[in-house]
Amino acid sequence: MKNIEIIEQLVNDKKTLNLEISKKIIGQNNIIDYLFTGLLCSGHILIEGVPGLAKTLLIKTLSETLDLDFNRIQFTPDLMPSDITGTEIIEEDPSSGKRNFTFYKGPIFSNIILADEINRTPPKTQSALLQAMQEYKITSGGKTYDISAPFFVLATQNPIEQEGTYPLPEAQLDRFMFNLLIDYPSKDEEVQIVKNNTNLNTDDIKISINKKSLIQYQNIVKEVPVADNVIEYAVNFVSETRPDYTSQKLIKNMIDWGAGPRASSYLILGAKAKAILDNRTTPDIADVQAMIKPVLRHRIIPNFNAETEGISKDSILDELINLL
């Protein structure tokens, strides 16, 4: 099948996916678009929102319509790294009487991992995800085990309740392609949510995209050509978020640390996915700009000045977009 035909099929499958998700999720269309864009780019995603906004239900519904293996890990203060990756247990061979270590795989060995309230567990356990997110591998007892593709970590955290939480280390935050912020629904959407939640819902979620097709779509994204000026814009924008490398007073006055090179790659990957979902053959600068806030908001660190003045990361990025 030619690439154009594959892209057309992708666009149609995305419409079907939206219809299936809408059986359980009202609104949040922008979040769903970014979630699917991240999956096309093989990117992990961190979702923030107050309780009750259906973050967990959204991820579970997405996994059902994608026909992917799904595991939910509820992060708690007493969760151990082996609870995520798996553990080695001594077993005795009945025939020989010899004892050997057998590795029992943990919930990380799945296609979609819902890391629920990821900031509820200490950094030692959080870091158990690092190797898996970067290399699709887990090392235990000196042996390395592969995690089958596709593999995504979709993590949630509550931005308002900080007691008993452990902020994610910068190295782990950088592994997430997107940081998505879920807001309250509109009044009309909330009315529909209440109707759905207080009535018997018998709608079954049907598969819209199978595993083989998803991998094929991911490969197509990588093949999308990008003009040099678009790549240069992405690299230049990321560079301008670094206080020591920019001439922008905004950044020098408001930012302590800027984004690293991984951000530039994610901007271009996301722009590629957005272009083909819009049925275009190559991304432009507007596509890169649409990716800036979800890609960069968790990669820049505002300084004391920004915090005391109540200036958000998104406001800083919006202003930088206007300046560049």
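Right above here is the structure, for reference.
Every value quoted in this text rests on a predicted model; they were computed, and no experiment measured them.

Chemist: What is the right way to look at the packing of helix α1 (residues 3–21) against helix α3 (residues 55–65) in this model?
Modeler: For any two helices packed against each other, the geometry is given by the interaxial angle and the distance between the axes. At a minimum axis separation of 10 Å, α1 and α3 run at an interaxial angle of 130 degrees. The orientation of α1 with respect to α3, classified from their angle, is oblique. Like other packed secondary-structure pairs, α1 and α3 cross with a definite hand, here right-handed. When α1 is examined against α3, the residues Leu 17, Glu 20 and Ile 21 are found in contact with a partner set consisting of Leu 58, Thr 61, Leu 62 and Thr 65. For the contact of α1 with α3, the per-class residue count stands at four nonpolar, two polar and one charged.

Chemist: Before we go on, may I ask you to explain the packing of aromatic side chains in this structure?
Modeler: Aromatic rings in a pair are described by how distant their centres are and how their planes are angled relative to each other. What the rule picks out here adds up to five aromatic pairs. Taking 5.6 Å as the distance between ring centres and 80 degrees as the angle between the ring planes, the aromatic pair formed by Tyr 34 and Phe 178 counts as edge-to-face. Of this pair, Tyr 34 sits in helix α2 (residues 29–40) while Phe 178 sits in strand β9 (residues 176–181), and the two are 144 residues apart along the sequence. Residue classification places Tyr 34 among the buried positions, given a relative accessible area of 15%. The exposure class assigned to Phe 178 is buried, which follows from its relative accessible area of 0%.

Chemist: What am I meant to see in unusual backbone geometry here?
Modeler: For residues besides glycine, phi is generally negative; the peptide bonds are generally trans as well. Between Ala 149 and Pro 150 the backbone carries a cis peptide bond, its omega angle lying at 0 degrees. Its place among the elements puts Pro 150 in the loop between β7 (143–146) and β8 (152–157). For Tyr 136, which is not glycine, the phi dihedral falls at a positive 60 degrees. As for its placement among the helices and strands, Tyr 136 is situated in the loop between α6 (130–135) and β6 (137–140). One non-glycine residue, Asn 279, lies in positive phi territory at about 65 degrees. Topologically, Asn 279 is positioned in the loop between α12 (261–277) and α13 (285–296). Note on Asn 279: relative accessible area 48%, which makes it partly exposed.

Definitions and limits used
- Residues numbered from 1 in each chain as written.
- Predicted model: local features only at pLDDT ≥ 70, side-chain atom pairs only at ≥ 80, totals over all residues.
- Heavy atoms only, no water.
- Axes fitted to C-alpha atoms, helices over the stretch in contact; angles between N-to-C directions.
- Helix = DSSP H or I, 4+ residues; strand = E, 2+ residues; numbered from the N terminus.
- Parallel < 35°, antiparallel > 145°, perpendicular 65-115°, else oblique.
- Left-handed = near helix turned anticlockwise from the far one by under 90°.
- Contact = heavy atoms within 4.5 Å.
- Nonpolar A, V, L, I, M, F, W, Y, C, P; charged D, E, K, R; others polar.
- Phe/Tyr/Trp six-rings, centres within 6.5 Å; stacked < 30°, edge-to-face > 60°.
- Buried < 20%, exposed > 50% of the residue type's maximum accessible area, 1.4 Å probe, protein only.

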